[in-house]
Amino acid sequence: MHSRTLVMAATLGLMACARQVPASATPTSTSTEPRAVRLLLDTPARETHTLTKLREDIEVDATEGERTPRVVATGQTPTLSLDGHRARLYGDAKGTLGIAVDNFLLLEVLDASGQVTRRATVGFTEAVHMGREQVDSVGRRAFNFEAGEVDITHLLPDSGPFQVRATALDTWGVGRVSDVYLLLAPGRRADNDDLRDQ
């Protein structure tokens, strides 16, 4: 009986050792799978004057409407890393729908300490200023964008953690935004993206 107990203990010990796979040997399939993160929740159209929150740190060269935009909706991703992926905007987690915004999105990239490192606008707006800085725009000047049309890979760090904060802003008429997802999917940076930090 004593020998049987020893054999059983040895067998269980070997089984336990077999299950301990080094971390480096675990599959890394998640790094090649697309990851979708919701940035903004669909917000139905509301008249501009009913939007009470202002972004007083922003000034828009508006020919019509207000120069200080009003907040339609805001959202922020958890901490992410690019890991060689491309980052594009979609209207759903599956990457099949486009996005819509009236008037525009302000995208802000935050580093690990929460500091804003890059900014850009997406949508139908004239020049947008934050202090002395004119914020760059991404994509064409429009209210509606096809699925994946807006590529923000060049705004994000190649390595290291980041977050993306999105604010939908309105200056005239009505303000609204569709669901907006940031989708990280395998892909290669364009040549001009590869050279941006040189």
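Let me begin by describing the structure that accompanies this report. Nothing here was measured: the structure is a model prediction, and the numbers come from that model. (Residues numbered from 1 in each chain as written. Predicted model: local features only at pLDDT ≥ 70, side-chain atom pairs only at ≥ 80, totals over all residues. Heavy atoms only, no water.)

Bringing the overall build of the chain into the picture now. On a plain count of helices and strands, the chain comes out with two helices and 14 strands. Buried positions account for 39% of the 198 residues belonging to the chain. Counted over contacts in the chain with a minimum sequence separation of 6, partners at least 24 positions apart contribute 74%. In the form shown here, the chain has an accessible surface area of approximately 11400 Å², with 53% of it arising from carbon and sulfur atoms. (Helix = DSSP H or I, 4+ residues; strand = E, 2+ residues; numbered from the N terminus. Buried < 20%, exposed > 50% of the residue type's maximum accessible area, 1.4 Å probe, protein only. Contact = heavy atoms within 4.5 Å. Areas by Shrake-Rupley, 256 points an atom, 1.4 Å probe, with all protein chains shown as cover.)

For the rest of this paragraph, the subject is the pairing of strand β14 (residues 180-186). Of all the seven residues making up β14, six are buried; the element is thus mostly covered by neighbouring parts of the structure. Of the strand pairs in this sheet, strand β1 (residues 35-40) and β14 are connected by five bridges, and their pairing is antiparallel. Bridge pairing in β14 places Leu40 opposite Val180. Where strand β5 (residues 85-90) meets β14, six bridges bridge the pair, whose relative direction is antiparallel. Looking at the pairing, Ala87 lines up with Leu184 of β14. (Pairing = 2+ DSSP bridges.)

For the rest of this paragraph, the subject is the nonpolar core. Nonpolar side chains in soluble globular proteins tend to end up buried together. Ranked by size, the top nonpolar core spans 32 residues in total, and within it Leu39, Leu40, Leu89, Leu105, Ile152, Val177 and Leu182 carry the most contacts. Listing elements by their share of this core, those giving two or more residues are β1, β4 (70-76), β5, β6 (99-102), β7 (104-110), β8 (116-123), β12 (163-170) and β14. When sequence neighbours within four positions are dropped, the list of residues in contact with Leu105 reads Leu40, Leu89, Ile99, Ala120, Thr121, Val122, Thr167, Ala168 and Val177. Ile58, Phe104, Leu106 and Met130 belong to the second-largest nonpolar core, a separate cluster that totals ten residues. (Core = buried A, V, L, I, M, F, W, Y, C linked by side-chain atoms within 4.5 Å.)

Attention now goes to the sheet that holds strand β10 (residues 133-135). Across the sheet, which stays open at both edges, the three strands sit in the order β3-β9-β10 with antiparallel pairing between neighbours. Looking at strand neighbours, the two that pair on one side only are β3 (59-60) and β10, the edges of this open sheet. Of the strand pairs in this sheet, β3 and strand β9 (residues 128-130) are connected by two bridges, and their pairing is antiparallel. Note on β9: the bridge partner recorded for Val60 is Val128.

Here the focus is the pattern of salt bridges. With the rule as written, the count across this model stands at 13 salt bridges. The closest approach of N and O atoms between Arg70 and Glu66, which form a salt bridge, is 2.8 Å. On the basis of relative accessible area, Arg70 is assigned to the buried category, the value being 16%. The exposure class of Glu66 is partly exposed, given its relative accessible area of 27%. For the salt bridge of Glu133 with Arg119, the shortest nitrogen-to-oxygen distance reads 3.2 Å. (Salt bridge = Lys/Arg side-chain N within 4 Å of Asp/Glu carboxyl O.)

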